[in-house]
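Summary of structural features
Each chain is listed here by its residues.
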Amino acid sequence: MKQLRNYTEEAVRLFVDKWIVEADVCQCDSCKLDVMAIMLNNMEPHYVVTDQGALYAQMSDFDPQHKADLMTNMGLAVQVVKNRPKHTRE
Ligand SMILES: [Zn+2]
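Moving on, we come to the packing of helix H2 (residues 29-42) against helix H3 (residues 64-83). Axis separation between H2 and H3 bottoms out at 9 Å; the angle between their running directions is 135 degrees. Between H2 and H3, the interaxial angle falls into the category oblique. H3 is crossed by H2, and the crossing has right-handed handedness. Contacts from Cys-31, Asp-34, Val-35, Ile-38, Met-39 and Asn-42 of H2 reach H3 at Asn-73, Met-74, Leu-76, Ala-77, Val-78, Val-80 and Val-81.

Before going further, it helps to examine the nonpolar core. Residues Ile-20, Val-35, Met-39, Ala-77 and Val-78 are the most contacted members of the largest nonpolar core, which totals 13 residues. Looking at this core, the elements that each hand over two or more residues are helix H1 (7-22), H2 and H3.

Conventions used here
Residues numbered from 1 in each chain as written. Predicted model: local features only at pLDDT ≥ 70, side-chain atom pairs only at ≥ 80, totals over all residues. Axes fitted to C-alpha atoms, helices over the stretch in contact; angles between N-to-C directions. Helix = DSSP H or I, 4+ residues; strand = E, 2+ residues; numbered from the N terminus. Parallel < 35°, antiparallel > 145°, perpendicular 65-115°, else oblique. Left-handed = near helix turned anticlockwise from the far one by under 90°. Contact = placed C-beta atoms within 7 Å. Core = buried A, V, L, I, M, F, W, Y, C linked by C-beta atoms within 7 Å. Buried ≥ 20, exposed ≤ 12 C-beta atoms within 10 Å, placed from the backbone.

Next comes the structure, spelled out in structure tokens:
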């Protein structure tokens, strides 16, 4: 079955866990979703029609420009969440 998918969102979903660990951001659902929301609001969506399962398997599947955009936006998003977490740290 064909599906409409957003490559940018899939990439963020796939890598957010790794990114927040590397950036030492709180790993609760709230902070993780905040990082994703900030990234997806700042980045262009990239919709494709596909009948594939996973669009990406690993970072090397990305083209270099897209990868650079992701890394830049991830850096900005984790800083925002780190500096202003919506809850106190336990
Ligand atoms: Zn948190």
